[in-house]
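Observations on the three-dimensional arrangement
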Amino acid sequence: MLGFGNRQSRLVTGGFAAAIIGAMLIAACSSSSSTPMPTTAPPTATSAPANTATSAPATGALVKTATAGALGSILVDANGMTLYHLSSDTATAAACTSTNGCLPNWPPLLTTGAPQAGPGVTASLLGTFTRPEGAQVTYKGNTLYRAAFDKAPGDTKGQGITAFGGKWTVVSPSGDLVQSTPAPAATTAPTAAATAAPASGTVTSSIVDFALQNLNITVGTTVIWRNDGGITHTATSGKGTPDGTFDSGFLNAGQSSKAIKFDKAGTFTYYCQVHGAATMSATITVAGSPTSSSGAGAYGY
Ligand SMILES: [Cu+2]
């Protein structure tokens, strides 16, 4: 019993001595430098995550307002980029999906916390819509997207585009869809080759930004569309609805279509399914006689 007591006492003494040494070390550190010693670092490190956790809602996507010319005051994201709503989105399903070529052009405004209301934005109108990509910000129930082809704050190239079963419009601070359309950019490329001899052989037609080229070709010419822009387009026969004559399919940046051979004379209107006929449309004039005895067109796919 006595031995146990001594041992206990010795341990206590040892611990006390260690405490004194520790205190001396701390004192030495404190006196040797005015900068915080490593021993003070842990409290700082542990307090940082705590602050982040308690202010989590502040990480949500910010929606604010900006004035966009004739469109007036509209909703924009934290970077000032114009926000749009697609009218064919419903409360339960987005018409702009990862499988129909929409998302590369119209990225949804996603948030990882409660969306934040900037100046001019009514916080109670903000909400979220759960989609496969995450929580999309809504305003007065309207899903919000950016247009990938808007390059700077103030750009409203997406305004009024009809695509994916609905119309893309900017949204006012009161939550209304703004229907007016700004003066559109050139909707078709100039007919630069109109007076030139029709092309033949294989023609590669470049798509840049929102321009499909008017083509003058001879019967038997093969056309390949190459997307030299940064966003997805199509070259689809028709005037807003595919008429089934030919279709490049969705062409992402840098992609080329399959070869499409025009064996029948005539004039064809084609457009981009992503951005709509009003924004992207052009014509193909095919001159000459049919090369096939039947006279039927063969369009290579
Ligand atoms: Cu397009």
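Just so we're clear, the structure is a prediction, and the values are computed from it rather than from any experiment.

When helices and strands are counted, the chain shows two helices and 20 strands. For the chain, buried positions account for 31% of its 301 residues. Considering only contacts in the chain between residues 6 or more positions apart, those separated by 24 or more positions represent 62%.

For Lys140, which is not glycine, the phi dihedral falls at a positive 55°. Classification of Lys140 as partly exposed rests on a count of 16 C-beta atoms within 10 Å.

Turning next to the nonpolar core. Within the largest apolar cluster, 54 residues are counted, with the highest numbers of intra-cluster contacts made by Ile74, Leu75, Leu83, Tyr145, Val170 and Leu212. Residues lining this core come from more than one domain, with at least three contributed by each of domain 1 (60–178) and domain 2 (202–287). Val170 has contacts with Ala68, Leu71, Ile74, Thr82, Leu83, Tyr84, Thr156, Gln159 and Val178, leaving out every residue within four places of it along the chain.

Within the fold, Val208 resides in the loop between strand S13 (202–207) and strand S14 (215–218). By the C-beta count within 10 Å, which is 14 here, Val208 ends up partly exposed. For the pair Val208 and Ala253, spaced 45 residues apart in the sequence, the C-alpha separation amounts to 9.5 Å. Filtering out sequence-adjacent residues up to four positions away, Val208 remains in contact with Asp228 and Gly229.

Our next topic: the sheet that holds S13. Through backbone hydrogen bonds, the strands of a sheet pair up, either in parallel or in antiparallel fashion. Ordered by their spatial adjacency, three strands build an open sheet running S13-S15-S18, and the pairing between neighbours is mixed. Strand pairing shows two members of the sheet lacking a second neighbour, S13 and strand S18 (260–262), which therefore form its edges. Sheet twist, expressed as the average angle between the axes of neighbouring strands with direction ignored, equals 30°. In the sheet, strand S15 (residues 221–227) pairs with S18 via three bridges, with the strands oriented antiparallel. Across the sheet, residue Thr222 finds its bridge partner in S18, namely Lys261.

Further remarks concern the environment of Ser124. Topologically, Ser124 is positioned in the loop between strand S5 (116–117) and strand S6 (126–131). For Ser124 and Tyr139, which are 15 residues apart along the polypeptide, the C-alpha to C-alpha distance reads 8.8 Å.

A word on the sheet that holds strand S1 (residues 62–67). Spatially, S2-S1-S5 is the arrangement adopted by the three strands of the open sheet, whose pairing is mixed. Single-partner strands in this sheet number two, and they are strand S2 (73–77) and S5.

Take the environment of Leu75 next. By the secondary structure assignment, Leu75 is in strand S2. For Leu75, the contacting residues outside a window of four places in its chain are Val63, Thr65, Leu83, Val121, Tyr139, Leu144, Val171 and Pro173.

Turning next to the pairing of strand S19 (residues 266–271). Bridging between strand S16 (residues 236–238) and S19 involves two bridges; their strand directions are antiparallel. Bridge pairing in S19 links Ser237 to Tyr270. Inspection of the sheet shows S19 paired to strand S20 (residues 281–287) by six bridges, in the antiparallel sense. Bridge pairing links Thr267 to Thr285 in S20.

Moving on, we get to the confidence of the model for the chain. Overall, the predicted model of the chain reaches an average pLDDT of 78, with 71% of residues at or above 70. Under a pLDDT of 50 for its full length, residues 1–57 has, in the predicted model, eight contacts with residues more than four places off or in other chains. This model gives residues 292–298 a pLDDT under 50, and the stretch forms 10 contacts once residues within four places in sequence are excluded.

Reading the values: the criteria
- Residues numbered from 1 in each chain as written.
- Predicted model: local features only at pLDDT ≥ 70, side-chain atom pairs only at ≥ 80, totals over all residues.
- Helix = DSSP H or I, 4+ residues; strand = E, 2+ residues; numbered from the N terminus.
- Buried ≥ 20, exposed ≤ 12 C-beta atoms within 10 Å, placed from the backbone.
- Contact = placed C-beta atoms within 7 Å.
- Core = buried A, V, L, I, M, F, W, Y, C linked by C-beta atoms within 7 Å.
- Domains from an automatic or database assignment.
- Pairing = 2+ DSSP bridges.
- Axes fitted to C-alpha atoms, helices over the stretch in contact; angles between N-to-C directions.
- pLDDT = per-residue confidence, 0-100.

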